[in-house]
Amino acid sequence: MLIKRRRGWELPESAATPEAVFWNRRAVLKAAGFGVALAGASALGSIGAHSEDAKEEVDPSASLYPVKRNERYALDRPITPEEVATRYNNYYEFGSTKGVWKDAQALPIRPWTVEIAGLVEKPLTIAIDDLLRQMPLEERLYRHRCVEAWSIAVPYSGFPLKALVELAKPLGSAKYLVMTTFQNPDVASGQRQFWYPWPYTDSLTIAEATNELAFIATGYYGKPIPKQNGAPLRLAVPWKYGFKHVKGIVRFSFEESYPVSFWTKLVESEYGFWANVNPEVPHPRWSQATERVLGLDETRPTLLYNGYGEFVAGLYAGLENERLFV
Ligand code: MTE
């Protein structure tokens, strides 16, 4: 039996995992003949690629950080302690508990290539370090609001997604940017759980992707971003719920229509395309009115667009009939 010491800000797995997944997984395990469903799920979730003796790798991008902070994006609360933001994660590729950071260390992040594909002038495959050399790196302080009603406030380093869109030169017919996570079940035990629709994907409209707030994070707390937070590159769109923030990206594809995302495929009724933060639109199974601020013993009211309305509200003019907020 797994005995876990729980800190004040931690939720039991049943509360922290989007519940439909938690219950679906129990049902699937039961159907698949795993006797004790819950214990079976925990054991499967922690099949580890992690080795305690894994050698410390030196990240070749380490010398790029820290980068200059762009003061335009201010916080209304203290920065979350680094040890909290890097030890309480969602990364289903490595399991469905919040303690996946250890298993995530098994992910090789060099060599790492990024494919720019689909409706672009010239498809391109580029090594992450070559991409980093070309991009305008800066630091931004962003709030991050998970659909599970917890939040953090963190310093990301990286570059505006708009710079990557400009590099890609999408054709006029491109309407969406689809981001896809790596697929490597040898190191990511979660990807051996067949009931998830791997690989993880999510999409933005081109207008959202070129909004000034849309950011590709390659650094965290003035250093290369840790594997559990999405190394070597992940999306940060702070006005949207955290599940849109695709980690470990290997492909940016420009498309006329978007494929159904990972979470929408799993639970369509609970995780939609737009997923903009709105305290007045509850998740089907819980309120979104407030959020638990990790690292502070505090609950705060959640803000419309997570407080970023001045930057993004205009994107949604004329879309009032869409399901913008779940
Ligand atoms: N990306 C991938 N590939 N796999 C995931 O499970 N989880 C998402 C998002 N990106 C996830 C992902 C969710 S639900 C959240 S809240 C954020 O990552 C968490 O980011 P953090 O661990 O850096 O705080």
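In this text the structure is predicted, and so the values were computed from the model without any measurement.

Draft legend 1. Broad picture of the pattern of salt bridges. Enumeration over the complete set of coordinates arrives at 20 salt bridges. With a shortest N-O distance of 2.7 Å, R72 and E212 are connected by a salt bridge. A residue pair is termed long-range when its members are at least 10 positions apart, and R72 in the loop between α3 (37-45) and α4 (82-85) and E212 in the loop between α8 (206-209) and β7 (215-220) qualify at 140 residues. Residues participating in the shared-partner salt-bridge network are D76, R77, R143, R145, E291, E298 and R300.

Draft legend 2. Molecular detail of the packing of aromatic side chains. Under the criterion given, the structure shown has 31 aromatic pairs. Relative to F273, the ring of Y258 has its centre 4.2 Å away and its plane inclined at 20 degrees; by these criteria the two rings are stacked. Of this pair, Y258 sits in the loop between β10 (249-255) and α9 (262-266) while F273 sits in the loop between α9 and β11 (290-293), placing them 15 residues apart in sequence. Residue classification places F273 among the buried residues on the basis of a relative accessible area of 11%. Here the aromatic cluster, defined as three or more aromatic residues joined through ring pairs, consists of Y92, F194, W195, Y196, W198, Y200, F243, F262, W263 and Y271. We note R87 situated over the ring of W101; from NZ or CZ to the ring centre the distance is 3.7 Å. The positively charged end of R143 is found above the aromatic ring belonging to Y308, 4.5 Å away from the centroid.

Draft legend 3. Quick look at the site of the ligand. Neighbouring the ligand are 17 residues; N89, Y92, E93, H245 and K247 lie closest to it. The separation between an oxygen atom of the ligand and a polar side-chain atom of N229 is 2.9 Å. Here R234 contributes a side-chain N or O atom positioned 3.1 Å from an oxygen atom of the ligand. In a pocket analysis with a 2 Å cut-off to the grid points, the ligand is assigned to the largest cavity.

Draft legend 4. Seen up close, the sheet that holds strand β5 (residues 176-181). Overall, mixed pairing links the five strands, which are arranged β2-β1-β10-β5-β6 in an open sheet. Where the open sheet ends on each side, the last strands, each with one partner, are β2 (124-127) and β6 (201-205). Direction aside, neighbouring strands of the sheet carry axes that sit 20 degrees apart on average. Bridge analysis of β5 against β10 gives six bridges, and the strand direction is antiparallel. When the sheet's bridge partners are listed, L177 is paired in β10 with F254. Along the sheet, helix α7 (residues 161-168) makes contact with β1 (113-118), β2, β5, β6 and β10, crossing β10 at roughly 65 degrees.

What counts, and where the lines are drawn
Numbering of residues begins from 1 in every chain and follows the order in which that chain's sequence is written. Note on the predicted model: pLDDT of at least 70 is required for a residue's local features to be given, and 80 or more for side-chain atom pairs to be given and counted; whole-chain, interface and lining totals, by contrast, use all residues. Water and hydrogen atoms were dropped before computing side-chain values, which therefore reflect all heavy atoms in the structure. For this document, the term salt bridge refers to a Lys or Arg side-chain nitrogen within 4 Å of an Asp or Glu carboxyl oxygen. Think of it this way: any DSSP run of H or I at least four residues long counts as a helix, any run of E at least two long counts as a strand, and we number them from the N terminus. To pair, rings of Phe, Tyr and Trp, with the six-membered ring standing in for Trp, must have centres within 6.5 Å; the planes then decide the type, stacked if under 30 degrees apart, edge-to-face if over 60, and tilted in the middle. A 1.4 Å probe rolled over the protein chains alone gives each residue an accessible area, and that area as a share of the maximum for its type sets the label: buried under 20%, exposed over 50%, partly exposed in between. Counted as over-ring charges are cases with an Arg CZ or a Lys NZ within 6 Å of the ring centre that also lie within 35 degrees of the ring normal. Throughout, the term near means that a residue has one or more heavy atoms lying within 4 Å of the molecule or strand in question. We define a polar contact as two N or O atoms separated by no more than 3.5 Å, with the added condition that, inside protein, one atom must be a possible hydrogen donor and the other a possible acceptor, whereas residues neighbouring each other in sequence contribute only through side-chain atom pairs. Detection works on a 1 Å grid of protein atoms alone, calling trapped sets that fit a 1.4 Å probe cavities and calling open sets with protein on both sides within 12 Å along at least five of seven lines pockets, with lining residues defined by an atom within 4 Å of a point. Just a note on the criterion: a molecule sits in a pocket or cavity if more than half of its atoms are within 2 Å of the grid points. The pairing criterion for strands is at least two bridges between them, as found by DSSP. The angle between two axes is taken between their N-to-C directions and runs from 0 to 180 degrees, where each axis is a line fitted to C-alpha atoms and a helix contributes only its stretch in contact. Contacts are assigned to residue pairs that have any heavy atoms within 4.5 Å of one another.

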